[in-house]
Amino acid sequence: MDDKFLFGVVLGMLGGAVLVTNSVKARQAVKSGQEQVIDKMNELKKQNKKPVKSE
C-alpha cells in the first residue's frame, strides 16, 4: 500500500479518537451505535436459537 494512504488512515484514527474523548456528543453517538449493534446481535442470536418447523 501507499505510505501516504497508511499515514492518512492512522492520522484519521487518531483524530477520531481525540474527537470522541473530547466531545460528549460524539461519545454518546459512539455509545449509541455500540448499543444498537449489541441489540441487533442479541436479536439475531435469539432467532437462530428458535427451532425451525418442518412441514
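Structure's up top.
First, a word on scope: everything that follows refers to the structure included in this document. It should be emphasised that the depicted structure is a prediction, and the values quoted were computed from it without experimental measurement.

This part covers the overall build of the chain. When you go through the chain residue by residue, the secondary structure sums to two helices and zero strands. Counting every position in the chain, which comprises 55 residues, the buried fraction comes to 2%. Summed over all atoms, the accessible surface of the chain reaches about 5500 Å², with 62% contributed by carbon and sulfur.

We now examine the pattern of salt bridges. Tallying each qualifying case throughout the model produces one salt bridge. Linking Lys40 and Glu43 is a salt bridge whose minimum nitrogen-to-oxygen distance equals 3.7 Å. Within this pair, Lys40 and its partner Glu43 are both found in helix H2 (residues 24–49), separated by three residues, close to a single helical turn. By relative accessible area, Lys40 is classed as partly exposed at 44%.

Criteria and cut-off values
- Residues numbered from 1 in each chain as written.
- Predicted model: local features only at pLDDT ≥ 70, side-chain atom pairs only at ≥ 80, totals over all residues.
- Heavy atoms only, no water.
- Helix = DSSP H or I, 4+ residues; strand = E, 2+ residues; numbered from the N terminus.
- Buried < 20%, exposed > 50% of the residue type's maximum accessible area, 1.4 Å probe, protein only.
- Areas by Shrake-Rupley, 256 points an atom, 1.4 Å probe, with all protein chains shown as cover.
- Salt bridge = Lys/Arg side-chain N within 4 Å of Asp/Glu carboxyl O.

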